[in-house]
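The residues making up each chain are set out below.
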Amino acid sequence: GVPEDFAKARELYARACAKRNGNACNNLGVLVESGKGGAADEVKAIDAYRQGCDADTGTACMNLARKTTDKAKQLVLYDKGCTLGEKSACAAATS
């Protein structure tokens, strides 16, 4: 198979995220949060999740909610993620 190149993946996801591809923003956030393909950066990960959620990607809204300490904002994000079809956000919104 092809070897994993997380640095290249970050680059490509960043390019697609800049074009408002919500899934790419979410995937970029996951890589940046975990430190795959470069340094881990909580602030940049949150920014990528926010961009993904703003582009109507439910998983990104769920990940952004997970990083938010404000319970009211969390609930809004879980609700948006649920509305966008992210089942785990639906479960989190009702717990």
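Details of the structure are given in the entry above.
Residues numbered from 1 in each chain as written. Predicted model: local features only at pLDDT ≥ 70, side-chain atom pairs only at ≥ 80, totals over all residues. Heavy atoms only, no water.

Peer 1: Residues and numbers for the packing of helix H2 (residues 22-34) against helix H3 (residues 42-54), please.
Peer 2: Orientation of H2 relative to H3, taken along the N-to-C sense of each, is 165°, at an axis distance of 7 Å. Here H2 is positioned roughly antiparallel relative to H3, judged by the angle of their axes. Relative to H3, H2 is oriented so that their crossing is left-handed. Here H2 contributes Gly22, Cys25, Asn26, Leu28, Gly29, Val30, Val32 and Glu33 to the contact with H3, which in turn contributes Glu42, Lys44, Ala45, Ala48, Tyr49, Gln51 and Gly52. Class assignment of the residues belonging to the contact of H2 with H3 gives a composition of seven nonpolar, five polar and three charged. (Axes fitted to C-alpha atoms, helices over the stretch in contact; angles between N-to-C directions. Helix = DSSP H or I, 4+ residues; strand = E, 2+ residues; numbered from the N terminus. Parallel < 35°, antiparallel > 145°, perpendicular 65-115°, else oblique. Left-handed = near helix turned anticlockwise from the far one by under 90°. Contact = heavy atoms within 4.5 Å. Nonpolar A, V, L, I, M, F, W, Y, C, P; charged D, E, K, R; others polar.)

Peer 1: Can you lay out the side chain of glutamate 86 for me, pointing to particular residues and giving the numbers?
Peer 2: Here glutamate 86 shows up in the loop between helix H5 (71-83) and helix H6 (87-94). Setting aside residues up to four positions removed in sequence, glutamate 86 forms contacts with Gly58, Thr59, Met62 and Gly81.

Peer 1: Residue-level account of the environment of glycine 35, with values.
Peer 2: With respect to the element layout, glycine 35 can be found in the loop between H2 and H3. Once residues lying within four places of it in the same chain are set aside, the contact partners of glycine 35 are Arg10 and Ala40.

Peer 1: Break down H5 for me, with residues and values.
Peer 2: With 13 residues, H5 extends 18 Å between its outermost C-alpha atoms, agreeing within 8% with the 18 Å of an ideal straight helix rising 1.5 Å per residue. Listing the buried residues of H5 in full gives Gln74, Leu77, Tyr78 and Gly81. Buried residues in H5, looked at end-on, bunch into an arc of 100°, giving them a common side. Along H5, exposed side chains directed more than 90 degrees from the buried face belong to Ala72, Val76 and Thr83. Residues of H5 that are buried sit in contact with H3, helix H4 (58-66) and H6. (Expected span 1.5 Å × (residues − 1). Buried < 20%, exposed > 50% of the residue type's maximum accessible area, 1.4 Å probe, protein only. Arc of directions from axis to C-beta.)

Peer 1: Which residues make up the state of the cysteines, and what values do they have?
Peer 2: In the structure shown here, the tally under the stated rule is three disulfides. Between cysteine 82 and cysteine 90 runs a disulfide, and the two sulfur atoms are separated by 2.0 Å. Disulfide cysteine 82-cysteine 90: the torsion about the S-S bond is 100°, which places it as right-handed. Accessibility expressed as a relative area gives 26% for cysteine 82, which makes it partly exposed. Indicated for the protein chain is the disulfide connectivity 1-2, 3-4, 5-6, based on numbering the bonded cysteines in sequence order. (Disulfide = S-S within 2.5 Å.)

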